[in-house]
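Below, each chain spelled out in residue letters.
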Amino acid sequence: MGFFDFMTEDIAIDLGTANTLIIHNDKVVIDSPSIVARDRISGKIIAVGKEANMMQGKTHENIKTIRPLKDGVIADFDASEKMISMLIKSIPALKKKLFTPALRMVICIPSGITEVEMRAVKESAERVNGKEVYLIHEPMAAAIGIGVDIMQPKGNMIVDIGGGTTEIAVIALGGIVCDKSVKIAGDVFTNDIIYYMRTQHNLFVGETTAEKIKIQIGAATEDLDSPPEEMQVQGRDLLTGKPKQVDISYREIAKALDKSIQRIEDAVMETLSQTPPELAADIYNTGIYLAGGGSMLRGLDKRISIKTDLPVYIAEDPLRAVVRGTGIALKNLGKYKSILIK
């Protein structure tokens, strides 16, 4: 095995609906949007990641942008496989190699995923030369990335708000005790904003713009301690058909997102109500940890805290918490072998 060890590279992948992150040699080497652009005529993939993302909503009929993952699962098998392989090939350290090294990988998957979908992820990985492929559930990876010692007989609650799904889990003794996966997350927030702009301002905005609004002035509540400035939003006027601009405040976005956030709150409450009493006692002391891009929504921590009467903590660099955890699991395969799915 010795010679092969020398030839093997370790990589950890967080295959997300919105972003795909890859860790190699303890560094995040790839952090790019999960999107590819395909030439309709030749069927070739012409751009991936940031480049393809810039094309979104601006394409003519010969180019199609595809987000291969929908709601945290692979929707377009071929595109997702090409995306993974192109991203792996663009890792700087692997580019220098003469031939593709064998890869040992840990890939993170949503907890609500089916056997078939799980196999799809594994097969994709094996096709890009993955020799040893392990899978890890997203809330577990998030917990490890946040720095929780998941092997302890202590309950911890993780809420990971990604692009396609929100994963809520109570973790103890290296396992998920109760979990809930709801398809309300970043993508739904973006669509809520598009809908709000249409109905309230007669302004038609694209996904990219809606996403910018969400990041720049998105809020989960109308009473923020340090509210962001108003934002100028451009789009197409639905009445006149002319391009126009309106000023939007964070209060309006809080209104637009209110229903979806309520559903996330309800899911958190439901998970808490299914938690065994001993673990509920632990969670009373440890609180709730938020990870994923959605946790950066202004005032969301406060809002969940008021709803649950528990302290709520946001992971540092929440966008990377999951891939950090996946990377740690890969480095300490011995310790975490029991929680990985072979």
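Only a predicted model underlies this, so the values are computations on that prediction, with no experimental measurement involved.

**With respect to the UniProt feature "binding site: ATP" (unreviewed entry) in the protein**
The sites that carry the UniProt feature "binding site: ATP" (unreviewed entry) are, in the present numbering, Thr17, Ala18, Asn19, Gly163, Gly164, Thr165, Glu211, Lys212, Ile213 and Lys214. By the secondary structure assignment, alanine 18 is in the loop between strand S1 (8-15) and strand S2 (19-24). Owing to a relative accessible area of 29%, alanine 18 belongs among the partly exposed residues under this scheme. Along the polypeptide, isoleucine 213 turns up in helix H8 (residues 207-217). Taking the relative accessible area as the measure of exposure, isoleucine 213 reaches 0% and is therefore buried.

**Concerning the sheet that holds S2**
Overall, mixed pairing links the 5 strands, which are arranged S3-S2-S1-S9-S10 in an open sheet. What marks the edges here is a single partner per strand, and that holds for strand S3 (27-33) and strand S10 (130-137). Across this sheet, the average inter-strand angle for adjacent strands is 20°, counted without regard to direction. One ladder, built from 7 bridges, connects strand S9 (residues 102-109) with S10; its direction is parallel. Its bridge partner being in S10, arginine 104 is matched across the sheet by glutamate 132. Contacts from helix H3 (residues 77-89) reach S1, S2, S3 and S9, with the element oriented near 130° to S1.

**Here we look at the packing of aromatic side chains**
Going through the model one piece at a time under the given rule, you end up with 1 aromatic pair. Between tyrosine 289 and tyrosine 313 the ring centres are 5.8 Å apart and the planes differ by 35°, which places this aromatic pair in the tilted class. Linking tyrosine 289 in strand S17 (residues 288-291) with tyrosine 313 in strand S18 (residues 312-314), this pair joins segments that are 24 residues apart in sequence. Of the residues examined, tyrosine 289 reaches a relative accessible area of 18% and is grouped as buried. Overall, tyrosine 313 belongs to the partly exposed group, its relative accessible area being 39%. Of note, arginine 198 hangs over the ring of phenylalanine 204, and the distance from its end group to the ring centre comes to 4.6 Å. The ring of tyrosine 134 has lysine 342 lying over it, and the distance from NZ or CZ to the ring centre is 4.8 Å.

**Brief notes about the state of the cysteines**
Overall, the coordinates contain 0 disulfides when judged by the stated rule. Take cysteine 108: it sits in no disulfide, and the sulfur closest to it among the cysteines is that of cysteine 178, at 19 Å.

Reading the values: rules and limits
- Residues numbered from 1 in each chain as written.
- Predicted model: local features only at pLDDT ≥ 70, side-chain atom pairs only at ≥ 80, totals over all residues.
- Heavy atoms only, no water.
- UniProt positions renumbered as here; feature names shortened; annotations may be inferred.
- Helix = DSSP H or I, 4+ residues; strand = E, 2+ residues; numbered from the N terminus.
- Buried < 20%, exposed > 50% of the residue type's maximum accessible area, 1.4 Å probe, protein only.
- Pairing = 2+ DSSP bridges.
- Axes fitted to C-alpha atoms, helices over the stretch in contact; angles between N-to-C directions.
- Contact = heavy atoms within 4.5 Å.
- Phe/Tyr/Trp six-rings, centres within 6.5 Å; stacked < 30°, edge-to-face > 60°.
- Lys NZ or Arg CZ within 6 Å of the ring centre and 35° of its normal.
- Disulfide = S-S within 2.5 Å.

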